[in-house]
Amino acid sequence: MKRNYDLIVLGAGAAGLAAACTAAIEGRSVALIEHTNRVGGTTAISGGMIWVPANDKMKAAGIDDSLEDAARYLALLVPGAPHDVRMRAYLTNGAETLRYLEAHTALKLQPVRRYPDYYPQLAGSTPGGRVLEPVPFDGRELGADFALLRDPLAEFLLFGGMMISREDIPKLRRMHRSPAAALYVLKLLVRYGLQRLQAHRGTTLVLGNALAARLFLSARRLGVDILLETSVQHLTTENGRVNGVQAVIDGRPQHLSARCGVVLATGGVSHDAELRARFVPPNAGTVSAVNRSGAAKGGVRLALDLGAALGRPCTGVDDARAFWVPVSSWKRDDGSVAVFPHTVTDRAKPGLIAVNRHGRRFVNEALSYHEFVRAQLRTRNDANPAWLICDSRFLWKYGLGRIRPFALSTRKEQEDGYLKTARTIEDLAAAIGVPARNLVGTVEAFNASAREGRDPAFGRGGDIYQRHLGDADQQPNPCVAPIERAPFHAVQVVPADLGMAGGLLTDENAQVLHQDGSPIEGLYACGNDMQSVMEGAYPGPGITIGPAIVFGVMAARHAVRRLPDAANTGRR
């Protein structure tokens, strides 16, 4: 195997793959090092959304947007955004970065025309188009590499391996009452059945799995050396410049040189208890929906060994450096702990409420998942954990957490304690340990207004974002319906992160900074290893992967173009 490269990238998620592909496009030799045995990182199990304002797809679709509007919107949400040179670089380079990748790789994106920013009442927001999603991808194009792509979460797959897109979900819900929807679903099943004759799961990939697959295929085609199950012990330097890594490959310590530098994209500090505690309040806990790499040292730790600077610590809920999501959890049959992120599939649907330990509502359940958890944390421990409450009609139509719509039995989920079920609200209160009198009163008060489609307590369904996540078939309010058909159900949710916003301080070129603010030559960070330009705010869908890809490309370009005279080791 080779020992000398122009660029070494650590981490095979969207950020790392984008950086590796970019350096290869620029004619450089690249090693992409991944600690696990799969490619894709957290991207592969995510929704795969990419938030880039004023992108070309918006313009082509006739959707108005401007960088000025985006900057105005972000200034209202992100601390210091108007003066952050990194934010300016992100906005300025976002659209061009995507053009560059689509021109030189297998990446293909399409606009999500109707997916509002999370705070649609604020100036500069848009009702859709800023967020892009990958065009569905046929995993068979990867050939044998399909087995090396990280699988989506099993709980998000149907029939043991079929992915479904956002467009599929309404059809699945209507298949019992619409011949057209039933035919659509039948075609999905036939296609899936044929695919299973050739692969270990369905090969029609969507969401983050499609995004990771497209970048994986591109890295292969561009000649990137992908080293799986490889552990990096430390970064090496010469005359103060990072020039490679000391790694363990096939059980043997080896030095790999990197003439242009090293890019860190290992997924951040979600599973590093000590560093995580710096960026979140004490009552946030340690649960994460981020893929666990298992590496002894992630990118942040590797950089700290060289004197890198970290973002400032959190002082409370409102300046926490994390992207939040409520999750439910359970033990799988193999003993591993699974978490289900309650992002968009259930909380905003009509006929569900969330209650605290007193049996009372504490939040508008249709707010973004980030704001839902912030509401949990603000109550200290009153709503941590919280309970999602629904009736049998809701469970059948929409599902709840890991329980899919139209589930014929929930016995397993009841037996393992994931789902609490009772014939009356009083008995459900006893099952979840909240005061029966309070829960009965909460449900009765909610139902009284919900029958008319109103929620005077929290204004649920009050903006286009909330209504987008509701059920358009439910009128007059797509987010509100009474809870009245027994049996009644509850699932417990706790705060978790979808990625940390706290990480290594960088400049506008993604160069990692020393404690004194000067760049560490030859060292770059992107993705969750980098202190997010969003600083813990969550303006819209795709604000983690969007900056990850943009700064991944910018880091690689800066690294390889800074040393134009470096000997090019060439690609295979």
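Description of the structure in this document. (Residues numbered from 1 in each chain as written. Predicted model: local features only at pLDDT ≥ 70, side-chain atom pairs only at ≥ 80, totals over all residues. Heavy atoms only, no water.)

**Comments concerning a nonpolar patch on the surface**
Inclusion rule: Patch criteria: residues need more than 30% relative accessible area and no salt bridge. Like-charged residues are merged within 9 Å; nonpolar side chains of Val, Leu, Ile, Met, Phe, Trp and Tyr are merged within 5 Å. Computed with the Shrake-Rupley method and a 1.4 Å probe, the accessible areas treat only the protein chains shown as cover for residues. In what follows, salt bridge is the name for a side-chain nitrogen of Lys or Arg lying within 4 Å of a carboxyl oxygen of Asp or Glu. Helix and strand definitions follow DSSP, with helices as H or I runs of at least four residues and strands as E runs of at least two, each counted in order from the N terminus.
A contiguous nonpolar surface patch, about 510 Å² in accessible area, is contributed by Leu 183, Leu 186, Val 190, Leu 194 and Leu 197. In this structure, Leu 183 sits in helix 6 (residues 179-196).

**Thoughts on the side chain of Ser 270**
Quick reminder of the rule: Three labels apply to residues, based on accessible area from a 1.4 Å probe with only protein chains included: buried if under 20% of the type maximum, exposed if over 50%, partly exposed otherwise in between. The term polar contact refers here to a pair of N or O atoms within 3.5 Å; inside protein, the definition further demands a hydrogen-donor-capable atom paired with an acceptor-capable atom, and it admits residues adjacent in sequence only when both atoms are side-chain atoms. Working rule for contacts: check all heavy atoms of both residues, and any pair within 4.5 Å makes them a contact.
As for its position among the elements, Ser 270 is in the loop between strand 11 (252-264) and helix 8 (273-279). We classify Ser 270 as buried; its relative accessible area is 3%. There is a polar contact of 2.6 Å between the side chain of Ser 270 and the side chain of Asp 497. Apart from the residues within four sequence positions on either side, Ser 270 is in contact with Arg 276, Ser 288, Val 290, Asp 497, Gly 499 and Met 500.

**Regarding the packing of aromatic side chains**
Where we set the bar: Two rings from Phe, Tyr or Trp (for Trp, the six-membered ring) form a pair when their centres are within 6.5 Å of each other. A pair whose planes differ by under 30 degrees is stacked, one over 60 is edge-to-face, and the rest are tilted. Note on geometry: a ring has a charge over it if NZ (lysine) or CZ (arginine) is within 6 Å of the ring centre and within 35 degrees of the ring normal.
Applying the stated criterion to the full structure yields 11 aromatic pairs. Look at Phe 323 and Tyr 538: their rings are 5.4 Å apart centre to centre, the planes differ by 80°, and that puts the pair in the edge-to-face class. With Phe 323 in strand 12 (residues 322-331) and Tyr 538 in the loop between strand 19 (519-525) and helix 16 (545-562), the pair connects residues that are 215 residues apart, well separated along the chain. As far as burial versus exposure is concerned, Phe 323 and Tyr 538 are alike and both buried. Ring centres 4.9 Å apart and planes at 55° place the aromatic pair Phe 394 and Tyr 398 in the tilted group. Of this pair, Phe 394 and Tyr 398 both sit in helix 11 (residues 392-398), four residues apart, which is roughly one turn of that helix. Owing to a relative accessible area of 2%, Phe 394 belongs among the buried residues under this scheme. Taking the relative accessible area as the measure of exposure, Tyr 398 reaches 7% and is therefore buried. Among the aromatic side chains, those forming a connected cluster through ring pairs are Tyr 118, Phe 323, Tyr 369, Tyr 465 and Tyr 538. One Lys or Arg, Lys 171, reaches over the ring of Tyr 184 and ends 4.9 Å from the middle of that ring.

**So, the pairing of strand 10 (residues 241-249)**
Heads up, the rule is: Only strands that DSSP links by at least two bridges are regarded as paired with each other.
Of all nine residues making up strand 10, seven are buried, and the element is well covered by its neighbours. Pairing between strand 9 (residues 231-238) and strand 10: seven bridges, direction antiparallel. Considered in strand 10, the bridge of Ser 231 is made with Val 248. In this antiparallel pair of consecutive strands, strand 9 and strand 10, the connection spans two residues, and Asn 239 shows a positive phi of 55°. Examined bridge by bridge, strand 10 and strand 11 share six bridges and lie antiparallel to one another. Each bridged residue has a counterpart across the sheet, and for Gly 244 the counterpart in strand 11 is Ser 257.

**Looking at the sheet that holds strand 5 (residues 131-134)**
Sheet strands pair by backbone hydrogen bonding; their relative direction is either parallel or antiparallel. Spatially, the three strands line up as an open sheet ordered 3-5-4, and their pairing is antiparallel. What marks the edges here is a single partner per strand, and that holds for strand 3 (50-51) and strand 4 (109-111). Here strand 3 pairs with strand 5 via two bridges, running antiparallel. Residue Trp 51 lies in a different strand from strand 5, and its bridge partner there is Val 131.

**Some details on helix 4 (residues 85-104)**
So the rule is basically this: Every helix has an expected span of 1.5 Å times one less than the residues it contains. Bend, at a single residue, is the angle you get between axes fitted to the 7 residues ending at that residue and the 7 residues starting at it.
Between the first and last C-alpha of helix 4 there are 27 Å, a value that for 20 residues agrees with the 28 Å anticipated at 1.5 Å per step. Maximum bend of helix 4: about 45°, positioned at Asn 93. The set of residues buried in helix 4 consists of Arg 86, Met 87, Ala 89, Tyr 90, Leu 91, Gly 94, Ala 95, Thr 97, Leu 98, Tyr 100 and Leu 101.

**Considerations on helix 3 (residues 67-75)**
Put simply, the rule reads: The arc in question is traced by the directions running from the helix axis to the C-beta atoms.
Buried within helix 3 are the following residues: Ala 70, Tyr 73 and Leu 74. All buried residues of helix 3 fall inside an arc of 95° around its axis, so they share one side. Where the residues of helix 3 are buried, they touch strand 3 and helix 4.

**Some words on the pattern of salt bridges**
For the structure shown, the criterion picks out 40 salt bridges. Put simply, Arg 220 and Asp 145 hold a salt bridge, and the shortest N to O gap is 2.6 Å. Here Arg 220, found in helix 7 (residues 207-221), pairs with Asp 145, found in the loop between strand 6 (137-138) and helix 5 (168-174); they are 75 residues apart in sequence, far enough to count as distant. Where Arg 393 meets Asp 391, a salt bridge forms, and the shortest distance between an N and an O atom there is 3.8 Å. A relative accessible area of 1% places Asp 391 in the buried class. Connected through shared salt-bridge partners, Asp 84, Arg 86, Arg 321 and Glu 535 make up one network.

**With respect to the environment of Asn 291**
Relative to the elements of secondary structure, Asn 291 occurs in the loop between helix 8 and helix 9 (299-304). Relative accessible area serves as the criterion here: at 21%, Asn 291 is assigned to the partly exposed category. Counting along the chain gives 249 residues from Asn 291 to Thr 42, while the straight-line C-alpha distance between them is 5.0 Å. Those residues in contact with Asn 291 that lie beyond four places of it in its chain are Gly 41, Thr 42, Arg 150 and His 271.

**Examining the nonpolar core**
We apply this condition: Only buried Ala, Val, Leu, Ile, Met, Phe, Trp, Tyr and Cys residues count toward a nonpolar core, and they belong to the same one when joined by side-chain atoms within 4.5 Å.
By size, the foremost hydrophobic cluster in this structure holds 155 residues, and its most contacted members are Ile 8, Leu 10, Tyr 90, Val 245, Val 262 and Met 534. Considering each element in turn, this core owes the most residues, 11 residues, to helix 16. Discounting chain neighbours no more than four positions away, the residues touching Tyr 90 are Trp 51, Val 52, Pro 53, Val 533, Met 534, Gly 546, Pro 547, Val 550 and Phe 551. Core analysis: the second largest hydrophobic core is formed by 22 residues, Phe 362, Ala 383, Cys 390 and Ile 403 among them.

**A look at the pairing of strand 12**
With respect to burial, strand 12 is a largely interior element, eight of its 10 residues being buried. Count of turn residues in the strand 12/strand 13 (residues 337-341) antiparallel hairpin: five residues, of which Gly 335 carries a positive phi of about 95°.

**Regarding the environment of His 358**
With respect to the helices, strands and loops of the structure, His 358 is situated in the loop between strand 14 (352-355) and helix 10 (369-378). On the basis of relative accessibility, which here comes to 26%, the residue His 358 falls in the partly exposed class. A sequence separation of 65 residues divides His 358 from Arg 423, and the C-alpha atoms of the two residues are 20 Å apart. Setting aside its immediate chain neighbours within four residues, His 358 contacts Asp 382, Val 434, Pro 435 and Asn 438. Looking at His 358, its side chain comes within polar contact range of the side chain of Asp 382, at 3.4 Å.

**Description of unusual backbone geometry**
Residue Gln 475 is joined to Pro 476 through a cis peptide bond whose omega torsion reads 10°. As for its position among the elements, Pro 476 is in the loop between helix 15 (464-469) and strand 17 (488-500). The omega torsion of the bond from Ala 486 to Pro 487 falls at -5°, within 30 degrees of zero and hence cis. Residues other than glycine seldom take positive phi values, yet Asp 250 does so here, at roughly 55°. Topologically, Asp 250 is positioned in the loop between strand 10 and strand 11. Residue class for Asp 250 comes out exposed when judged on its relative accessible area of 70%. In this structure, Glu 535 is a non-glycine residue whose phi angle is positive, near 50°. Along the chain, Glu 535 falls in the loop between strand 19 and helix 16.

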